[in-house]
Amino acid sequence: MSVKIREVKVKSILTKTGIPGIDYCINPYVGCSHGCRYCYATFMKRFTAHTEAWGSFVDVRINAPEVLQKQIKGGNKSGNIIISSVTDAYQPVEGKYKLTRQCLEVLLPYQFSISILTKSPLVLRDIDLFKKFGDIEVGVTITTDDEKVRKIFEPHAPPIGARINAIKTLHDNGIKTYAFIGPVLPMNPDAIIEKLRPHVDSVIISRMNYTSKTMQIYRSMNLTRWLDRGFTDKVIGRLKDGFDINKGVL
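Conventions adopted
- Every chain begins its residue count from 1, and numbering advances along the sequence as written.
- Only residues with pLDDT of at least 70 get local features here, since the model is predicted, and only at 80 or more are side-chain atom pairs given and counted; chain-wide, interface and lining totals rely on the full set of residues.
- The basis for every side-chain value is the complete set of heavy atoms in the structure, and neither hydrogens nor water enter the calculation.
- The definitions used throughout rest on a 1 Å grid laid over the protein atoms alone, on which a cavity is an enclosed set of points accommodating a 1.4 Å probe that cannot get out and a pocket is an open set flanked by protein within 12 Å on both sides along at least five of seven lines; lining residues are those having an atom within 4 Å of a point.
- Grid points are joined across faces, edges and corners, and a volume is the space filled by probe spheres set on the points.
- Put simply, DSSP H or I for four residues or longer makes a helix, DSSP E for two residues or longer makes a strand, and each gets a number counted from the N terminus.
- Three residue categories are used. Nonpolar comprises Ala, Val, Leu, Ile, Met, Phe, Trp, Tyr, Cys and Pro, charged comprises Asp, Glu, Lys and Arg, and polar comprises the others, including Gly.
- What counts as a salt bridge is simple: a side-chain nitrogen of Lys or Arg found within 4 Å of a carboxyl oxygen of Asp or Glu.
- A 1.4 Å probe rolled over the protein chains alone gives each residue an accessible area, and that area as a share of the maximum for its type sets the label: buried under 20%, exposed over 50%, partly exposed in between.
- Residue contacts follow a heavy-atom distance rule, with two residues in contact if any of their heavy atoms lie within 4.5 Å.
- Pairing between two strands requires that DSSP report at least two bridges joining them.
- Here an angle of 0 to 180 degrees is reported between the N-to-C directions of two axes, which are lines fitted to C-alpha atoms, with helices fitted over the stretch in contact.
- In plain words, nonpolar cores are sets of buried Ala, Val, Leu, Ile, Met, Phe, Trp, Tyr and Cys residues tied together by side-chain atoms within 4.5 Å.
- Geometric relationships in this document are graded by angle, where less than 35 degrees denotes roughly parallel, more than 145 denotes roughly antiparallel, 65 to 115 denotes roughly perpendicular, and other angles denote oblique.
- Two helices crossing with the near one rotated counterclockwise from the far one by less than a right angle form a left-handed crossing, whereas a clockwise rotation gives a right-handed crossing.

J.: Just to check I follow, could you spell out the layout of surface pockets for this structure?
T.: When its volume is computed, the second largest pocket comes out at roughly 150 Å³. The dominant element in the lining of the second largest pocket, judged by the number of residues it contributes, is helix α9 (residues 229-243), at three residues. A per-class count over the lining of the second largest pocket returns five nonpolar, two polar and three charged.

Take a look at the structure:
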């Protein structure tokens with residue numbers, strides 16, 4: 001798939017967020033080339049001039065590190081930060097532009113509490129930086145154990161095996177890790193538990209909350225039972241038991 005890359009400049013990059021337990025978010029990019037069919041962040045198109053389909057464009061905020069430095073020096077020197085909330089900070093363009101890494105280098109002297117969430121094994125590139133933070137956790141999104149399902153719902157995202165290997169490598173390097181199982185796609189929950197449990201410190205589970213985006217996919221694949229609340233409750237219950245989770249589900 002062809003992805004339109006556009007370089008843009010921003011006035012702010014450290015943004016206050018309403019996410020529980022998180023004070024700020026940093027999104028070095030707008031748009032995401034993974035093209036996940038269920039993505040909630042498609043609303044970001046309202047704030048751009050893009051008419052392209054979601055997943056076919058990425059805006060690169062080329063001055064993000066410099067702006068971040070100015071904002072921190074201007075008074076934003078404490079709080080929790082998530083990287084990223086409406087994009088994947090380690091999607092393919094990060095390999096070229098390295099904005100996420102540069103932002104982490106800016107944050108390092110101030111020792112913010114950092115949480116990262118990605119679907120990309122490119123995150124392994126920055127293990128050297130992660131080890132220098134006193135409070136950091138790195139999460140990898142894994143929504144299914146079935147590669148066929150992944151290809152349909154997350155057509156341009158990295159394979160499941162590569163993500164699981166990323167979590168394992170992070171964990172083996174002493175980095176605090178978590179798995180984000182969300183949205184819960186058709187899966188074998190026991191297989192997910194077996195593959196992930198040895199390598200994660202915590203797990204977050206989230207339902208498919210945007211069924212209008214994916215209803216036709218479920219119907220065409222004869223998987224509509226996965227939209228039934230009772231059925232998915234049982235799957236989520238198995239995941240919670242397997243990971244020994246007592247908290248609620250997003």
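J.: Can you help me understand the pattern of salt bridges in this one?
T.: With the rule as written, the count across this model stands at 13 salt bridges. For the salt bridge of Arg101 with Asp126, the shortest nitrogen-to-oxygen distance reads 2.7 Å. In this pair, Arg101 sits in helix α3 (residues 99-107) while Asp126 sits in the loop between β7 (113-118) and α4 (127-130), placing the two residues 25 residues apart along the sequence. With its nearest N and O atoms 3.9 Å apart, the salt bridge here joins Arg229 to Asp233. Taken as a pair, Arg229 and Asp233 lie in helix α9 at a separation of four residues, close to a single helical turn. Owing to a relative accessible area of 33%, Asp233 belongs among the partly exposed residues under this scheme. A single network of salt bridges, built from pairs that share partners, joins Glu94, Arg101, Glu105, Arg125, Asp126 and Asp128.

J.: It is not clear to me how the environment of Cys39 should be interpreted in this structure. Could you clarify?
T.: Secondary-structure assignment places Cys39 in the loop between β4 (29-30) and β5 (57-61). Here Cys39 falls in the buried class, since its relative accessible area comes to 17%. Note: C-alpha distance between Cys39 and Gly95 (56 residues apart in sequence) is 22 Å. Other than its neighbours up to four places away in sequence, Cys39 contacts Trp54 and Lys213.

J.: What is the right way to read the sheet that holds β7 from this model?
T.: Strand-to-strand pairing in sheets goes through backbone hydrogen bonds, with the strands running parallel or antiparallel. Reading across the sheet, the seven strands line up as β2-β3-β6-β7-β8-β9-β10 and stay open at both edges, with mixed pairing between neighbours. Of all strands in the sheet, those with a lone pairing partner are β2 (14-16) and β10 (202-205), marking the two edges. Direction aside, the axes of adjacent strands within the sheet are offset by 25 degrees on average. Here strand β9 (residues 176-181) pairs with β10 via four bridges, running parallel. Counterpart to Tyr178 in the pairing with β10 is Ser202. Most of the contacts of α3 go to strand β6 (residues 80-83), to which it runs at about 170 degrees, and overall it touches β3 (24-26), β6 and β7. Lying over the sheet, α9 contacts β9 and β10, oriented at roughly 170 degrees with respect to β10.

J.: Before we go on, may I ask you to explain the nonpolar core in this structure?
T.: Considering soluble globular proteins, one finds that nonpolar side chains tend to be buried as a cluster. Of all hydrophobic cores here, the largest spans 37 residues; its most connected members are Ile181, Val184, Leu196, Leu239 and Phe243. Contributions of two or more residues to this core are made by α5 (147-153), α6 (160-172), β9, α7 (189-196), β10, α8 (211-220) and α9. At four residues, α9 tops the list of elements feeding residues into this core. Grouped together as the second largest cluster of nonpolar side chains are 30 residues, Ala64, Tyr90, Ile116 and Val123 included.

J.: What exactly am I supposed to notice about the packing of helix α1 (residues 64-73) against α3 here?
T.: Packed helix pairs are characterised by how far apart their axes lie and by the angle those axes make with each other. It is at 9 Å that the axes of α1 and α3 come closest, and there the two elements cross at 20 degrees. Between α1 and α3, the angle is such that the two are roughly parallel. Handedness of the crossing formed by α1 with α3: right-handed. Facing Ala64, Pro65, Leu68, Gln69 and Ile72 of α1, the residues of α3 in contact are Leu99, Gln102, Cys103, Val106 and Leu107. Tallied by class, the residues present in the contact of α1 with α3 amount to eight nonpolar, two polar and no charged.

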